[in-house]
Amino acid sequence: SMIDDVSDSRPGREILLVSSDGWSIFFSQTREAYHEFEFKLSTFQIDNFIHAAEHPVLLHSPLVTEPFLHLSLVRRLQDNNDTHDISYIALRILEIDICFDRKTAETIAQFISPLHKAQE
């Protein structure tokens, strides 16, 4: 959840909410000196709670039988830790719906702007 609490005179308000479902993480080490990693995410959504925004949902993955996001990686273990030998990597992202309006973009930019100044 992203909360906008810039003003001391009023309580913070939620502007974005990220929700997901169906997480799956798999990790193994084989006898042949390989690490295998797999990550799956079934659904993903970002809800927009900005006042007077045109779209209540910014990003949405439609429900399908396969995971929305699927990452697979196989890495060979090395004696030298300075290098990584990745034998296989695959990333699949299925269709997503994105709805973005100017008011939302401006509100998020105002929210992020103080964060950039604090880092300098």
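Residues numbered from 1 in each chain as written. Predicted model: local features only at pLDDT ≥ 70, side-chain atom pairs only at ≥ 80, totals over all residues. Heavy atoms only, no water.

Student: Please set out unusual backbone geometry residue by residue, giving values where relevant.
Tutor: Of note, alanine 33 is a non-glycine position whose phi angle comes to about 70 degrees, a positive value. Tracing the backbone shows alanine 33 in the loop between strand E2 (13–29) and strand E3 (34–48). (Helix = DSSP H or I, 4+ residues; strand = E, 2+ residues; numbered from the N terminus.)

Student: Please give an account of the side chain of histidine 70 that cites residues and values.
Tutor: The topology assignment puts histidine 70 in strand E5 (residues 69–76). Classification of histidine 70 as buried rests on a relative accessible area of 18%. For histidine 70, the side chain forms a polar contact with the side chain of serine 72, separated by 3.3 Å. Ignoring any residue separated from it by four or fewer positions in sequence, one finds histidine 70 in contact with Glu38, Phe39, Lys40, Ala90, Leu91 and Arg92. (Buried < 20%, exposed > 50% of the residue type's maximum accessible area, 1.4 Å probe, protein only. Polar contact = N/O pair within 3.5 Å; in protein donor to acceptor, adjacent residues only side chain to side chain. Contact = heavy atoms within 4.5 Å.)

Student: Now, about the environment of leucine 58: what can you tell me, with residues and values included?
Tutor: Structurally, leucine 58 can be placed in strand E4 (residues 57–60). The buried category is assigned to leucine 58, whose relative accessible area is 7%. Taking the C-alpha atoms as reference points, leucine 58 and leucine 16, 42 residues apart in sequence, are found 8.9 Å from one another. With near-sequence residues (within four places) excluded, leucine 58 lies in contact with Leu16, Ile46, Asn48, Asp97, Ile98, Cys99, Phe100 and Thr104.

Student: Let's hear about the pairing of E3: which residues, and what values?
Tutor: Two elements, E2 and E3, share 13 bridges in a ladder whose sense is antiparallel. Paired with tryptophan 23 across the strands is leucine 41, a residue of E3. Counting the residues in the hairpin turn of E2 and E3 gives four residues, including alanine 33, whose phi is positive at 70 degrees. Strand direction decides the pairing type here: E3 and E5, joined by eight bridges, are antiparallel. Residue glutamate 36 lies in a different strand from E5, and its bridge partner there is valine 74. Sheet topology places E3 next to E4; three bridges connect them, and they run antiparallel. Across the sheet, residue isoleucine 46 finds its bridge partner in E4, namely leucine 59. (Pairing = 2+ DSSP bridges.)

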